[in-house]
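Residues per chain, in single letters:
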Amino acid sequence: MRSSVAHKSAMPARLQEKPKELEALMLLPPMESAADDINLMNPLQRSERLSTAWFGAIVEFEGVLVSSSEQEHLQAWLTVASEFGFSRPLGHLFRRIKGIKDEVVVARVFNWTQNPATARQISQRKRVIYEELLDGRRPSAMLEAKPFLDMLHRYNIPIALACALPEVHVRESLNRTGLGSNLNAVVTGEDSGAPEVEFYFSYAAQQIQRPPIRCVVFCESNQSVEAAHELGMKCVVVTGNRPVYDFAGADLVVRNLSDVNFINLKRLFSEEDLVKPKSEQEEELADDEVDDPELDDFEPAPGQRKGAFWS
């Protein structure tokens, strides 16, 4: 009886072969969306990134969270031009300066001077005139702003404020209105001297740790819409009293922030394109490199390697 047991234990274990179909299926990587990160080792984190509820919000300041003071800005620029003897800016230039730092407006949009010190002096004078025009008034918070931020915070959506205004002015307004408590990041004019609005949006996305394709920009101008789409971001325009048809390029157009709900924001990512697995991409690249039969029949000249290019 012992010998039989010993004989059985000495027998080599039989290896179970897996069907080739199952083995091939296991080698294929899963489908990846544009928001997926294959370097994440935690499957729950990857699953969360694939959800349409995983995104970040980038919000502009004036015209979205607080009331707009566009007319005061416009009058301040005209007054500065008159004081310094510069030519009056054309109307289309005023549409380009939204979201751009004052020093950059002076040097790169209005082209009044290329001297950084002079541009700084002009922009400082513009701010003084702007404060005088406000006459102690401060932009008030939109009635829908606080409930909107609370809604995003409730669903764990990180929020970044992005604008080209001076940080002191922005921080003071946020503290006064109480809107800063729900913000995860604040990007202001001190963070960049770039003339492009794209930088502020891109930097804000980095601060809230979301890829651009999973960010929604809440803005009030077509320039911001173009900047958001240039980065691959979604864009929601808050029109206020302006015509809705002026913002046909936006992904979503609302009168005010009370018209925005979490379901509508999730739908912005419902048609996100899937990325093919890397193995399929490599196979397609290999197929593209198949030799042309007509080239195979071509006989190269003496001394020339077959398949080589010549001029």
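Model, not experiment: these values are computed from the prediction.

Asker: How would you explain the nonpolar core if you had to name every residue and give the values?
Answerer: Counting 43 residues, the largest nonpolar core has I58, W77, F110, W112, F201 and M233 as its most contacted members. When residues no more than four places from it in sequence are discounted, the contact partners of M233 are I58, F201, S202, A205, P212, C215, V217, A228 and D251. Judged by nonpolar contacts, the second largest core, of 33 residues, contains L161, L174, L179 and V186.

Asker: Quick one: what's the story with helix α4 (residues 70-84), residue by residue and with numbers?
Answerer: A rise of 1.5 Å per residue sets the reference length of α4, with its 15 residues, at 21 Å; its end C-alpha atoms lie 21 Å apart and thus fit the reference within 8%. Of the positions making up α4, those classed as buried are E72, H73, A76, W77, L78, V80 and A81. Summarising the contacts, the buried residues of α4 are in contact with α5 (91-96), α6 (102-109) and α7 (116-134). Where α4 terminates, the next one or two residues include G85, which has phi positive at roughly 75°.

Asker: I'd like to hear about the pairing of strand β2 (residues 56-59), residue by residue, with values.
Answerer: Burial of β2 is two-sided: the residues G56 and I58 facing one way and the residues A57 and V59 facing the other way are all buried. Pairing of β2 with strand β5 (residues 215-219), which is carried by 4 bridges, proceeds in the parallel orientation. Its bridge partner being in β5, V59 is matched across the sheet by F218. Bridge count between β2 and strand β3 (residues 159-162): 3 bridges; the pairing is parallel. Of the residues in β3, the one forming a bridge with I58 is A160.

Asker: So what's going on with the pairing of β3? Residues and values would help.
Answerer: Burial along β3 is two-sided: I159 and L161 facing one way and A160 and A162 facing the other are all buried. Pairing between β3 and strand β4 (residues 185-187): 3 bridges, direction parallel. Bridging across to β4, L161 finds its partner in V186. Note on the crossover from β3 through helix α9 (residues 167-177) to β4: the handedness is right-handed.

So, how was this worked out
- Residues numbered from 1 in each chain as written.
- Predicted model: local features only at pLDDT ≥ 70, side-chain atom pairs only at ≥ 80, totals over all residues.
- Heavy atoms only, no water.
- Core = buried A, V, L, I, M, F, W, Y, C linked by side-chain atoms within 4.5 Å.
- Buried < 20%, exposed > 50% of the residue type's maximum accessible area, 1.4 Å probe, protein only.
- Contact = heavy atoms within 4.5 Å.
- Helix = DSSP H or I, 4+ residues; strand = E, 2+ residues; numbered from the N terminus.
- Expected span 1.5 Å × (residues − 1).
- Pairing = 2+ DSSP bridges.
- Right-handed = clockwise from strand over helix to strand, strands pointing away.

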